[in-house]
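Now for the letters of each chain:
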Amino acid sequence: MAANDDWFRPLYRRVICLAIAAGAFAAEVIFFGEQLWMFLFGAITAYGAYDFFLSGKYKTPDDKE
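Enquirer: When you look at the overall build of the chain in this model, what are you seeing that I'm missing?
Expert: Check the secondary structure of the chain and you find two helices and zero strands. Counting across all 65 residues of the chain, residues that qualify as buried make up 20%. Once local pairs closer than 6 in sequence are excluded, the contacts in the chain between residues at least 24 apart make up 49%. Per element, the accessible surface of the chain, about 4,900 Å² overall, is 67% carbon and sulfur.

Enquirer: Explanation requested: helix H1 (residues 11-32) in the structure shown.
Expert: Since there are 3.6 residues in each turn of an α-helix, residues three or four apart along the chain are aligned in direction. Its 22 residues place the ends of H1 30 Å apart at the C-alpha level, agreeing with the 32 Å of an ideal helix rising 1.5 Å per residue. For H1, the complete set of buried residues consists of Arg 14, Leu 18, Ala 21 and Glu 28. Down the axis of H1, the buried set is contained in an arc of 80 degrees. They therefore lie on one face. Within H1, the exposed residues directed more than 90 degrees away from the buried face are Ile 20, Ile 30, Phe 31 and Phe 32. Buried residues belonging to H1 abut helix H2 (35-54). Backbone geometry just after H1 places Gly 33 at a positive phi near 75 degrees.

Scoring rules and cut-offs
Residues numbered from 1 in each chain as written. Predicted model: local features only at pLDDT ≥ 70, side-chain atom pairs only at ≥ 80, totals over all residues. Heavy atoms only, no water. Helix = DSSP H or I, 4+ residues; strand = E, 2+ residues; numbered from the N terminus. Buried < 20%, exposed > 50% of the residue type's maximum accessible area, 1.4 Å probe, protein only. Contact = heavy atoms within 4.5 Å. Areas by Shrake-Rupley, 256 points an atom, 1.4 Å probe, with all protein chains shown as cover. Expected span 1.5 Å × (residues − 1). Arc of directions from axis to C-beta.

Pasting the structure below:
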């Protein structure tokens, strides 16, 4: 996601993108049960949670370590 790093800098954009992926994953688990899409949306959600919030890529200069 190197090309979109500046676009994802605001927190609300990261939260919205992660909520869409998590919602699609939850819909597959609860309503549809298609395993291909369930694993795909689950992987996107897990990767997004790591990349957006746990990797430290989007820290602002005033954040403390």
